[in-house]
Amino acid sequence: MTQVLSTSSQRVTFFSAGGLMLKAHSLQPNLEKHFPPMHGEHAVSALHTPRQNRLLAALPVEDYERLLPELEFVPLPQGLSVHDAGDREKYLYFVTEGIVSRFYMMKDGASAESALTGREGMIGIAAFLGGESTPSQAVVLSAGHAYRVGAALLNCEFKHGGPLQHILLLYTQALITQMAQTAVCNRHHSVEQQLCRWLLLCLDRLSSNRLDMTQELIANMLGVRREGVTEAARHLQAAGLIQYCRGHITVLDRPKLEQRVCECYAVVRREVDRLLPDPITN
């Protein structure tokens, strides 16, 4: 369920995901409470390395090693608001695992998602584009990890031009494509097609075929009624494509799901692969 509580000092948004009530503050979250400063070392291990992010992996060795000492490993717990609407983005987050949703919340509490980000991208484009903030929120849908870097430092690197600037601009183009195609999909395609697109985009960013998402949360992200998502999920389950149970969705037959989805998924997938080749799969 989504609820909005307003006070004179802050607005708090609640998300129901995987049976949990997840809270995201929409004004000035204290990220240091979630990400305590690390002294003396940046957590890089065999399990979690910056190169798991496609943008950082695409950097030449010299540029990557210059940035590496400034990268701070941070967890991304489910429900965390990485940044809220109107917040000045003090950090940029290169996601290595998990899914972050960018969405807009209306005054009446209605919401709709504009894009998903996983290890192919990062959160905080307003920082290097010069706008410093956006009217949308970025909230963790599926728990994971990221490497963050101060916006001021990355801006300096960005202004010098070179590979980092080029890669960040390519990612921005891919992100714009996803946002534009999401708008087209929401306008012209059925709820079932939208659900297929959303599930496939999530699977592209996860290491398994299971999503811990309630139908109500998915409806909030798609900007549609829950009943529509319930009916669409029922059709997909009856066709043997997915299995849904108590906030858990397991994709059973991805090839058939890809046959059922609208053209929007392929447009977004092709553009990401064209602009951001993945060293892990190439």
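You'll find the structure just up there.
Overview of the structure. What you see is a predicted model, and the numbers here were worked out from it, not measured in a lab.

1. A word on helix α7 (residues 191-203)
An ideal rise of 1.5 Å per residue puts 18 Å on 13 residues; α7 measures up with 18 Å between its terminal C-alpha atoms. For α7, a buried count of eleven out of 13 residues is recorded, marking the element as mostly surrounded by other parts of the structure. When α7 is considered as a whole, its buried residues turn out to be Glu192, Gln194, Leu195, Cys196, Arg197, Trp198, Leu199, Leu200, Leu201, Cys202 and Leu203.

2. With respect to the sheet that holds strand β10 (residues 210-212)
Sheet architecture is open: three strands sit in the order β10-β12-β11, paired in antiparallel fashion. A single partner strand is all that each edge strand has here, and the edge strands are β10 and β11 (242-245). Pairs of neighbouring strands in the sheet enclose a mean axial angle of 15°, with direction left out of account. Inspection of the sheet shows β11 paired to strand β12 (residues 248-251) by four bridges, in the antiparallel sense. For cysteine 245, the partnering residue across the bridge sits in β12 and is histidine 248. Sheet strands touched by α7: β10, β11 and β12. Its angle to β10, the strand with the most contacts, is close to 105°.

3. Observations regarding helix α11 (residues 263-275)
Helix length check: α11, at 13 residues, gives a terminal C-alpha distance of 19 Å against a target of 18 Å (1.5 Å per residue), a fit within 8%. Regarding α11, the residues found buried are Cys264, Tyr265, Val268, Glu271, Val272 and Leu275. What you see down the axis of α11 is that its buried residues fit within an arc of 140°, all on one side. In α11, the exposed positions angled more than 90 degrees off the buried face are occupied by Glu263, Arg270 and Arg274.

4. Things to note about the pattern of salt bridges
Evaluated as defined, the whole model comprises 15 salt bridges. Residue glutamate 157 pairs with arginine 66 through a salt bridge whose shortest N-O separation is 3.2 Å. On the criterion of sequence distance, the pair formed by glutamate 157 in helix α5 (residues 151-159) and arginine 66 in helix α3 (residues 61-67) is long-range, its members being 91 residues apart. Each of Arg54, Asp204, Arg254, Glu258, Arg269 and Asp273 takes part in a single network of salt bridges with overlapping partners.

Scoring rules and cut-offs
- The residue numbers shown here count from 1 along each chain, following its written sequence.
- The model is predicted, so local features are restricted to residues of pLDDT at least 70 and side-chain atom pairs to those at 80 or more, both for listing and for counting; the totals for chains, interfaces and linings are taken over all residues.
- Hydrogens and water are ignored here; the side-chain numbers use all heavy atoms of the structure.
- Helix and strand labels come from DSSP, where a helix needs a run of H or I of at least four residues and a strand needs a run of E of at least two; each type is numbered from the N terminus.
- Expected helix span is given by 1.5 Å per residue-to-residue step, counting one fewer step than there are residues.
- Burial classes follow relative accessibility: with a 1.4 Å probe on protein chains only, a residue under 20% of its type's maximum area counts as buried, one over 50% as exposed, and anything between as partly exposed.
- Here, strands pair whenever DSSP counts at least two bridges between them.
- Here an angle of 0 to 180 degrees is reported between the N-to-C directions of two axes, which are lines fitted to C-alpha atoms, with helices fitted over the stretch in contact.
- Contact between two residues is taken to exist if any of their heavy atoms lie within 4.5 Å; hydrogens are not considered.
- The directions considered for the arc are those from the helix axis to the C-beta atoms.
- The term salt bridge refers to a pairing of a side-chain nitrogen on Lys or Arg with a carboxyl oxygen on Asp or Glu at a separation within 4 Å.

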